[in-house]
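Reading the structure
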Amino acid sequence: MSSIIARQTLTRDVHSVDALVRQACKAEANSTLLLGTGLLNLTAVDDKETVVGYLCLDDVPCVRLGSGGPGSDAWVQEAAAARFKLGSTAFVRVCATAHLSEIEASAALLRSAFLHMPSLQSLLMVAGGELSFTEPGLAAVFSRVGAHKESGVVLYEAGRDAVVPPLAIRPARVEDHDDMLPILQRCEVAFPALAKLPEASRPHEPFALTRVVAGQDERNRVLVAEAEGRLVGFIVMTSDVDTGSLAETFDLHAYDNFLPPEVYEQQYEAARDSVRGQKLAMLRHQRQQEAAEGGEGGQAGAGGVSAGMQTDPEQGEDGEGAGEGEGAGEGEGEGGAAAAGGGAADKADDSEEAEAQLLAAAEPTDEETRAEMLAMFAGQAPPADPTLFAVTMLCMDPAYEAQAIEFLTPAFAAYTDKLYCVVTLPHDSREPALMGTMTRVAPNPGSLFPEVLFMFHRHALIPDFAVRLGEPGDLDGVASLVAGMPNADDIVASFSGAAAAGSAAVALCQGELVGLVTVNPEVDLELLQANFGLSSHVDLGYQPREQHGEIDMYTMNPIFVHRHRTFVAATMRLLGKTALYYALPPGQQPPDMLEVLEQVAPRHRTANDKQLQAEFALYVFTRQAAFKRRRSVNSQIVVVGASECGLAVVERLLLDPELQFNYLTLLAPGGIKVGGMACQYTAGVIARLGLEARVMLLDAEVVGLERGAKLLDLSDGSQIFYNQLVLAAGLQDQSRYRFAEADPEVAGLLVTELELAADFSMNDAMVMNSILVYGNALGAYHSLAVLEAKGAGEKTRFVAPPGQQPPLVGVLHALAGEAGVALPSPEPRDLAALSVVQPVGPELHASATLVDPADPGPREELPVDLVVGCEPPSVSRSLFTCLNDASLVFDGRLVVDGAFRTNDAAIYAGGSLAKLSRRHGATHLEHCNSRDVGSRLAASLVAFFNAGPDEPQPAAAVAPPPALHRARAVGCSLPGGNYFIYAGCPAALQRPSTGAPEGGYEMKTVSERGLTRITLDGEGRVHSLMYLGRVAVNAPRLGSLVGLHANYLNSLAPKYQAGDIKCLLSFITEPWSELLYNESFPELRETLLEVALAELSVGGREVDGGMVEWVTHAQDAVLEFARAHAAELPGYTMPSAART
C-alpha cells in the first residue's frame, strides 16, 4: 500500500489539483487564485507524487466548495460567530480527495494543517448533508454542531485533539530503557547533538541510558511521551546550568540574564553606579586640569590690571586728591562689595549648572552598564538560583517530532520556579521541530561560542492568543508594551493615527496587549515592480492593488515571537490584504518578525528613470507563504571577498526559498566596492539586497587559516570560526602591496581603478599636480576617462611595463583602429620604486622612480600625488601565503572540483581566484560569468544542507562539472567620451578576438552610434558581442544575448545579409528585444525546452495532432510568462482571450 504525505501546495500542483477538485466536488476550484488568497493550501501525494488530496483553509466564515444553498452564507456568519476566533480558528474552503485514498489523504491533510499552524485550535466546515457515508475520513474527526434546514447545510467542527491526539507524557522509569533505546539510536543519526548521553552516565558502557533515568532528582528530570500505547519520545533536562558563560557569550539582558528580576535589577543598578562614578571622576579630573590651565592665565591677567591701577596718572604723589580718591574708593568699595556679592551668587549658580551638566554627561548608557555588569560579575557564582532549566537530550520518533512542543508544559510543571527553558545546539547541527517554536538568542559581537542558544518563556505556553483591529482605547496597552524603547512616543502617536484610520491591529494574550502592527494601505507597486522580482511572490492578475499593504511599524513582546506568523496572517485578513510588504532601508535595525517574511530578489536590470530607483531591501508576507517555514541553517558560513562572485554567493543564500541561513559573514576589506560599466552589482542592487540585516560585514582580510580548528585569523587581530568557508577574493592589482612592503607610508598614495572612480573628485583634481596611471589593463583606460572627466587629464601620465598588454586590450585597440578612434598608448616604463618625501602641509607626496627597460641606465624621478594601479590582476600575496600554509591545492589558481570544493570539503572557492581541476577541464573561472559562478557555488552549498543526515555527500571525484555557459561582459569608459564592451561565452573570453570562431559567422556595422560586431559560432549561437562608440550601453544587459541562437534575434542573420540592418546596436535594442533582456527569460527558455522534450519523449511527432499540442503547450507557457511579468514587459500586449 502506498504511503501518503501532505505538504504545502506548489505552483506545479495547480493542474492536478483543479482536476481532482473537479472530479471530487463537481466544481471549479481555480487553485491558482486560492494559492494567493487562502489561509493555508495543502496537497496530499502518494509515493509516486500523484496528487490524491487537496485542502484549502480560510479565516473568514465560508461554505465548503460544492456545498451550500439559498441563504447558507448568511446562516454561516451567524452560526459560526460564537465559535470563531481569528488566529485560532479556520474554515475549510475546499477539501477534495481521491475516492480510493479518502481516509488516508484526509488524515494526512488535517494533521498537517494543525501541525503547520500551532495556534490553530479548531476547524469549522460547512458541508451539505452527512459525512459518515461519503467521506468517512472526515466523519471520523468532524462533529456536527448545527444545521440549516432551508439550505440543507451542516456546520461541523474538529478540535485539535481530535486530529492530533495529544501525547501522554509522564516521568521516565528504568523499565522504559528498551523502548527508549531504538529512538535514541535513530536520533544519533538525525540530531546527534540532542542524542548525546551525559558523561556522568558513562556513555560508552552498557545501560548508560538506564543510569540517566535512574539518576533523576530535583535538578535532573527525564520525561517520556507515549502515543497509541507505545513510547515515541523522551526529553532529558537539568537546572544545573552555567549561566555565567551564557551571559558572557549571548545578549541575555532582555531575559534578566536568567536571574530573578530583583537580583538582576540590583546588579544593573550597581553596575550603573559604578560606571557613573568612573565617568564622573574622569570628567572632574578633566575639568580640574582645564581650570588649572585657565587659572594660570587668569593670574597673569590680574597682575597686569593691578599694575595699571598703581600707575594711574590721576593719583598725586603728595597725597592730594587722596580724600577724593578715598571717597571714590569707598563708594567703589561699596559698589564693589555688592558686585562681589552678586558675582558670588552668579558663581554659585554657574557651579550648580556645571555640576548638573557634569552629572548629565556622566549618565551611563545601557551598553556601558551592560559591559560593566559583565566585568563586575563575570566568573562569580550567581547570588540566586537561575530562572532556567536546559534540555540536554531530545529524542523523538520522526512521525511525532512536530509534537515535541507538548513536552514543554509538563517540563515547566517539573520546574515550578523556572521561567525559561533553553537549548544549545552546535552551529552545524540540524534544528529539530521544537526549535521552530523557540527564540534564537543573538550572540554578543565577536563571540566565538561554538553553539546556538534557543530560549522559551513559560508564559509563551498560554493558548489564549487573539488578534483584532486596533482601537483608540488600546493606547494605554501600547504605551505599556513599548515603555523603555527610545522611540516609544513616536510609536504611540503612530498607532493612534493608524487605529483611527482602521489600519492597525493588536495581538492579545488573556486580554493583555502583547503586539501591535500598523499598515499603510497604499503601496507604490510600480516602484516595487521596477526594482524587485515581485512576480515570483504575488500574482498581480489575481491580487488587485487594494489587496496590497505595507507594514509601517511592528512590535511584539519577545515572549511571543513564535506567534509572528499567526499575528501577521490575521492582520492581513482583518485589513483585507493578500500581501504585506516591509521596506528596510540601509542602516535601519531589522524587526524580529523579519525571519517570517520572504525577501524579494532585487532586479539587477532596472529602469533608467531615477524616480523608480529603490534604495531599500524588500520583504513580503503573502497568503500563499503565510505558514511556509524555511528550514533554519545555523552553520557559520564565511565568504571571503566582496567580489561579484562573493556577492552572488551571499545573494543566492539570502534568497533561497527553502533554507534560512542565520549566520552569514562577508569579509569585505575596504568595504563593498561597486561600479563600472560591466558590474552586475551596482550600489542600488547592494542597497536592495539589504546585506546589513542578515549578514555580518567585516572590514578585514584573512591573514591566517587553521583548517583543523576551522578558524580564521583576520587583519584586525580578531578571529572567526567557520563551518563552511567560501574563498571568492578574486584577483586584484598588486601594486599597493608590492610597494607598501618596501615603504608602508606609500600605501595611502596608491588606489585601484574602482577606488578612483568612487572617490576622486574635482577638488582632488584641483589640488593635485601629478598623477600616475601605471599598468595597461582595461582599468587603465577607464581611469584615464575618470581623470579626464574630473579635469585632471593634463596632470596625468600613463606608463606601463612593455609587453604587458592583456588580450582584451588588444581587442580594444583593434576595434579602435577600425572605428577610427584615437586611444592613448602607455609610455614603456617600469615603476622601479615609490617613496614618500617630506609632506607639504597635511598632504602626502611621493617620488616615483621610472626606468626605461630599453635603456635602464637613466632613472627618472617623478613627483607624484597619486598613483593608480592598473596592472593585470593577480592573487593577493598574503592570501596565497595563507592558502599555501594551509596545504590547499594551488596550481596558478585555487583548484576546485565540480561542486567548487577544494581539497578540504569544508572550503569552497569561486570567481577569478579558482579554476576547475584537470578532471573537469582545468577551466579558469575568471573566463566565466562571476555571478553565475557564485550562484552555482551557493547552489552546491544548498545541496549540501538539503541532503538528509543519513545521505552521504558525493565524493569530489564524482561531482559533475558545473554547466557554466552564461556570458561574461567586460567594458570600460574611454578618454574622449567613448565606451568599450566585450561580451562573450567562456570560450570567447579564453581567447578574445574580433573574429568569429572556426565555422562561425561575423556581422559588423559602423554608424553614428559606433562600431558593433556580433559573431556566431558554427551552430548559429551568439559567440561574442563587441561595441565601441559614444553610447553608454549596459554591458551585462547586452551580454544576456550571448549564447542565444540567432533565431531568437528576430531573423538577425537574414536581415543583415539582406542589408536591412544599418546599425546592429539599434537593431538589438529595439522594443521587440525586451523579452530577451528580462532576467526571468532563461526560466522561460527552460520551460519551453521541458515542454518540447516531454512531447518528444511520448512520441508527440508521431501522433496525429501531436505537433499542434506541442505548440499549444509552448504558447500557453509564453502567455502565462507574459501575464505574470506584464509590468516588466510594457511593450507586450496580451491577447484578450488569454487575460484571464
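These figures come from a predicted structure and were not determined experimentally.

1. Observations concerning the pattern of salt bridges
Using the criterion set out here, one finds 52 salt bridges in the structure. For Arg370, the salt bridge identified is with Asp366, shortest N-O distance 3.0 Å. Residue Arg370 and its partner Asp366 are located together in helix α12 (residues 366-377), separated by 4 residues, close to a single helical turn. By relative accessible area, which is 29% here, Arg370 ends up partly exposed. A relative accessible area of 29% means that Asp366 is categorised as partly exposed. Overlapping salt bridges bring together Asp58, Asp59, Arg93, Arg573 and Arg623 as one network.

2. Some remarks on the packing of aromatic side chains
Within this structure, the stated rule accounts for 17 aromatic pairs. A network of ring pairs unites the aromatic residues Tyr255, Phe258 and Tyr420 as a single cluster. The residue whose ring lies beneath Arg221 is Tyr415, and the NZ or CZ to ring-centre distance is 5.6 Å.

3. Points about unusual backbone geometry
Of note, Asn257 is a non-glycine position whose phi angle comes to about 55°, a positive value. Locating Asn257 in the fold gives a position in the loop between α9 (243-249) and α10 (261-310). Asn257 gets classed as buried once you look at its relative accessible area, which sits at 11%. Unlike most non-glycine residues, Gln510 shows phi in positive territory, near 50°. With respect to the secondary-structure elements, Gln510 resides in the loop between β16 (504-509) and β17 (512-520). Taking relative accessible area as the criterion, Gln510 reaches 57% and is therefore assigned exposed.

4. Regarding the sheet that holds strand β10 (residues 230-238)
Ordered in space as β8-β9-β10-β11-β12-β14-β13, the 7 strands form an open sheet in which the pairing is mixed. The two strands at the open ends of the sheet, each matched to only one other strand, are β8 (168-171) and β13 (439-440). As defined by bridge partners, β13 adjoins strand β14 (residues 451-457) across 2 bridges and the pair is classed as antiparallel. Across the sheet, residue Arg440 finds its bridge partner in β14, namely Phe454.

5. Quick notes on helix α25 (residues 807-819)
Spanning 13 residues, α25 covers 19 Å between terminal C-alpha atoms, matching the ideal 18 Å at 1.5 Å per step. Within α25, burial applies to Leu808, Val809, Val811, Leu812, Leu815 and Ala816. The buried residues of α25 occupy an angular sector of 155° when the element is viewed end-on, so they sit on one face. Seen from the buried face of α25, the exposed residues on the opposite side, beyond 90 degrees, are Pro807 and Gly817. Of the surrounding elements, those touching the buried residues of α25 are α24 (778-789), β42 (968-974), β43 (978-984), α28 (986-990), β45 (1010-1016) and β46 (1022-1029). One or two residues past the end of α25 sits Gly820, with phi positive at roughly 70°.

6. Re α24
End to end, α24 covers 17 Å across 12 residues, agreeing with the expected 16 Å (1.5 Å per residue, within 8%). A large share of α24 lies buried, amounting to 10 of its 12 residues. One or two residues past the end of α24 sits Gly791, with phi positive at roughly 85°.

7. Here we look at the UniProt feature "domain: Cilia- and flagella-associated protein 61 N-terminal" (unreviewed entry) in the protein
Under the UniProt annotation, "domain: Cilia- and flagella-associated protein 61 N-terminal" (unreviewed entry) lies at residues 7-258. Taken end to end, residues 7-258 is 31% helix and 26% strand, and its first and last C-alpha atoms sit 38 Å apart.

8. Here we look at the side chain of His148
Within the secondary structure layout, His148 lies in strand β6 (residues 143-148). Apart from residues lying up to four places away in sequence, His148 is in contact with Pro70, Gly71, Ser72, Trp75 and Val153.

9. Looking at the environment of Gly775
By the element assignment, Gly775 lies in the loop between β32 (771-774) and α24. For the pair Gly775 and Ser735, spaced 40 residues apart in the sequence, the C-alpha separation amounts to 9.4 Å. Discounting chain neighbours no more than four positions away, the residues touching Gly775 are Ala780, Phe798, Val799, Ala800, Gln804, Cys870 and Glu871.

10. Digging into the environment of Thr994
Relative to the elements of secondary structure, Thr994 occurs in the loop between α28 and β44 (1001-1007). For Thr994, the residues in contact, after removing those within four places along its chain, are Val811, Ala814, Leu815, Glu1002, Arg1013, Thr1015 and Met1026.

11. Overview of the UniProt feature "domain: CFAP61 dimerisation" (unreviewed entry) in the protein
With numbering aligned to this structure, UniProt lists the feature "domain: CFAP61 dimerisation" (unreviewed entry) at residues 962-1076. Annotated as residues 962-1076, this span is 21% helix and 31% strand, and its ends, taken at the C-alpha atoms, are 24 Å apart.

12. Points about the nonpolar core
Grouped burial of nonpolar side chains is what soluble globular proteins tend to show. Grouped together as the largest cluster of nonpolar side chains are 70 residues, with contacts concentrated most on Phe760, Phe980, Tyr982 and Ile1014. Apart from the residues within four sequence positions on either side, Phe980 is in contact with Met677, Leu778, Leu808, Val811, Leu812, Leu815, Val970, Gly971, Cys972, Leu974, Tyr1027 and Leu1028.

Cut-offs applied
- Per chain, the residues get numbers from 1 upward, laid out in the order the sequence is written.
- Selection of residues for local features in this predicted model requires a pLDDT of at least 70, selection of side-chain atom pairs for listing and counting requires 80 or more, and totals for whole chains, interfaces and linings are taken over all residues.
- Each side-chain value is derived from all of the structure's non-hydrogen atoms; neither hydrogens nor water enter the calculation.
- Only one rule defines a salt bridge in this text: a Lys or Arg side-chain nitrogen within 4 Å of an Asp or Glu carboxyl oxygen.
- Strands here mean DSSP runs of E at least two residues long; helices mean DSSP runs of H or I at least four residues long; both are numbered from the N terminus.
- Burial status follows relative accessibility: with a 1.4 Å probe on protein chains alone, a residue under 20% of its type maximum counts as buried, one over 50% as exposed, and anything between as partly exposed.
- Any two of the Phe, Tyr and Trp rings considered here, Trp counted by its six-membered ring, make a pair once their centres fall within 6.5 Å; the pair's planes then place it as stacked at under 30 degrees, edge-to-face at over 60, or tilted in between.
- Both a distance and an angle decide whether a charge sits over a ring: NZ of Lys or CZ of Arg must be within 6 Å of the ring centre and within 35 degrees of the ring normal.
- Only strands that DSSP links by at least two bridges are regarded as paired with each other.
- Helix span is expected to be 1.5 Å times the residue number reduced by one.
- The directions considered for the arc are those from the helix axis to the C-beta atoms.
- Whether two residues touch is decided by their heavy atoms; if any such pair falls within 4.5 Å, the residues are in contact.
- UniProt positions are given in the numbering used here, feature names are shortened, and annotations may be inferred rather than shown by experiment.
- To define a nonpolar core, start from buried Ala, Val, Leu, Ile, Met, Phe, Trp, Tyr and Cys residues and group those joined through side-chain atoms within 4.5 Å.

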